[in-house]
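Close look at the chain arrangement
Chain by chain, the residues:
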Amino acid sequence: MILVTGASGGVGTALCLALAREGEHLVLTARDEGRLEALAARVRTAGGTASTHPCDLRDQEAVSALAAQVLAQHGTPQAVVSLAGHSIRRDLTQTFGRPHDLVRLTGTNLLGPAALLLALLEPMCAAGRGRLIAVTSASARIPTPGWAAYGASKAGLDTWLRALRPQAAQHGVQITVVELPLVATAMAAPTYGRAPRGALTPEQAAWRVLRALRSRRTLHSPLWSRIGAVLSQAAPSIAAEAAGRAEHLLRRVTVREHPRAGRGHGDRPTPQPASRPASRYLRARPLGRGRRS
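This structure is a prediction, so every number in the text was calculated from the model and none was measured.

Re the overall build of the chain
- Across its full length, the chain holds 11 helices and 7 strands.
- Within the span of the chain, comprising 293 residues, buried residues form 53% of the whole.
- Sequence-distant contacts, at least 24 apart, represent 78% of the contacts inside the chain between residues at least 6 apart.
- Carbon and sulfur atoms form 57% of the exposed surface of the chain, whose accessible area is close to 13400 Å².

What follows is the structure in structure tokens.
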């Protein structure tokens, strides 16, 4: 059994359909129950099985109840893929008087996922097996003006998991962080538009997550992200200023239409740009065709 958070949109949906084609049993969670049920029907049509558990990760009591339900009804997960996320871009003056933005982002990107993963890690460690895949951002460890709250919340989850990884490995549980670059999803649309140039499609991003599920590597990240993280530590002020200029240039280059900049974004679906199909990647090396746990 594989648990996928943030399943109802973008990369989550693409990943679930790819896993369904391999006959996997999926436990799907996100906030929107209707969209979860629609996805579950698509998973079954594609050859997998699915059950749905709606949950808002910002609600700690709901997260605790979700973990208890999953363990009671489905047992210990074979793998957990943490994909749920929320993004807000605001410059400094736009953040004044808005501390609730930090609360929203840390709830969805850090505290909620951490609470769920911690509840599931205990039985996984007791069983001596399992995979935990956390999808963050390629810019999480590169502080960038305009993305302070988002970067902090994603980097917090990243750092927490890196610290847990060695001891989890001693119990037979592998923790892997996947740092994705820009993906053309509804979450990116308010800043970069619906079809940003050079962005990955959800299917291409799902392939990267699927590759992480099948490999023993503990970090999947673009080379520029790893280099940027080193430079950010070596020259923090210069690196942050450079990252801000680079991000401004990126928006000028990638945006095909005027986005609703500065607004929060969730995981509602949006039309995706045409691109080369990723099915040839998604069919490679199945995680375990027809396997159930």
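A short note on helix α9 (residues 223-234)
- For α9, with 12 residues, the first-to-last C-alpha span of 17 Å sits near the 16 Å given by 1.5 Å per residue.
- Buried residues of α9: Ser225, Gly228, Ala229 and Ser232, and no others. Projection of α9 onto a plane perpendicular to its axis shows the buried side chains occupying an angular sector of 105°, all on one side. Seen from the open side of α9, the exposed residues pointing more than 90 degrees away from its buried face are Leu223, Val230 and Ala234.

Comments concerning the side chain of His74
- Structurally, the position occupied by His74 is in helix α3 (residues 60-74).
- Classification of His74 as buried rests on a relative accessible area of 17%.

Re the sheet that holds strand β3 (residues 49-52)
- The strand order across the open sheet built from 7 strands is β3-β2-β1-β4-β5-β6-β7, with neighbouring strands paired in parallel fashion. The open sheet has two edge strands with one neighbour each: β3 and β7 (219-220).
- Running at roughly 170° to β3, helix α2 (residues 33-46) makes contact with β2 (25-29) and β3 of the sheet.

Brief notes about the nonpolar core
- By size, the foremost hydrophobic cluster in this structure holds 34 residues, and its most contacted members are Leu15, Cys16, Leu28, Val43, Val81 and Val209.
- For this core, the secondary structure elements donating two or more residues are β1 (2-5), α1 (10-20), β2, α2, β4 (79-82), β5 (131-137), β6 (174-180) and α8 (202-214).
- Looking at this core, the element that brings in the most residues is α1, giving 8 residues.
- Non-local contacts of Val209, meaning those with residues more than four positions away in its chain, are made with Val11, Leu15, Val81, Ile133, Val135 and Val178.

A word on the packing of aromatic side chains
- If you walk through the whole model with that rule in mind, you get 1 aromatic pair.
- Taken together, a centroid distance of 5.8 Å and an interplanar angle of 65° make the contact between Trp147 and Tyr150 edge-to-face.

Things to note about the pairing of β6
- With 7 of 7 residues buried, β6 lies mostly within the body of the structure.
- Here β6 shows a buried face lined by Gln174, Thr176, Val178 and Leu180 and a second buried face lined by Ile175, Val177 and Glu179.
- As a crossover connection, the stretch from β5 through helix α6 (residues 148-170) into β6 is right-handed.
- Relative to β7, β6 is paired through 2 bridges, and the arrangement is parallel. Pairing of Val178 across the sheet is with His220, part of β7.

As for a nonpolar patch on the surface
- Taken together, Leu223, Ile227 and Leu231 make up a surface patch of nonpolar side chains, about 300 Å² in accessible area.
- Along the chain, the position of Leu223 falls in helix α9.

A closer look at the confidence of the model for the chain
- Residue-level pLDDT values for the chain average 83, and 81% of them are 70 or greater.
- Note that residues 288-293 has pLDDT below 50 and, in this model, 18 contacts with residues that lie over four places away or in other chains.

Looking at the environment of Ala138
- Relative to the elements of secondary structure, Ala138 occurs in the loop between β5 and α6.
- Taking the C-alpha atoms as reference, Ala138 lies 5.1 Å from Pro181; in sequence the two are 43 residues apart.
- Those residues in contact with Ala138, other than ones at most four positions away along the chain, are Glu179, Leu180, Pro181, Pro222, Trp224 and Ser225.

Overview of the packing of α3 against helix α5 (residues 99-127)
- Axis separation between α3 and α5 bottoms out at 9 Å; the angle between their running directions is 30°. Classified by the interaxial angle, the pair formed by α3 and α5 is roughly parallel. The way α3 lies across α5 gives a crossing that is right-handed. Contact with α3, carried on its side by Gln60, Val63, Leu66, Ala67 and Leu71, involves Leu111, Gly112, Ala115, Leu116, Ala119, Leu120 and Pro123 of α5 and no other residues of that element.
- Residues that form the contact of α3 with α5 fall into these classes: 10 nonpolar, 2 polar and no charged.

Definitions and cut-offs
Residues numbered from 1 in each chain as written. Predicted model: local features only at pLDDT ≥ 70, side-chain atom pairs only at ≥ 80, totals over all residues. Heavy atoms only, no water. Helix = DSSP H or I, 4+ residues; strand = E, 2+ residues; numbered from the N terminus. Buried < 20%, exposed > 50% of the residue type's maximum accessible area, 1.4 Å probe, protein only. Contact = heavy atoms within 4.5 Å. Areas by Shrake-Rupley, 256 points an atom, 1.4 Å probe, with all protein chains shown as cover. Expected span 1.5 Å × (residues − 1). Arc of directions from axis to C-beta. Pairing = 2+ DSSP bridges. Axes fitted to C-alpha atoms, helices over the stretch in contact; angles between N-to-C directions. Core = buried A, V, L, I, M, F, W, Y, C linked by side-chain atoms within 4.5 Å. Phe/Tyr/Trp six-rings, centres within 6.5 Å; stacked < 30°, edge-to-face > 60°. Right-handed = clockwise from strand over helix to strand, strands pointing away. Patch = residues over 30% accessible without salt bridge, like charges linked within 9 Å, V, L, I, M, F, W, Y side chains within 5 Å. Salt bridge = Lys/Arg side-chain N within 4 Å of Asp/Glu carboxyl O. pLDDT = per-residue confidence, 0-100. Parallel < 35°, antiparallel > 145°, perpendicular 65-115°, else oblique. Left-handed = near helix turned anticlockwise from the far one by under 90°. Nonpolar A, V, L, I, M, F, W, Y, C, P; charged D, E, K, R; others polar.

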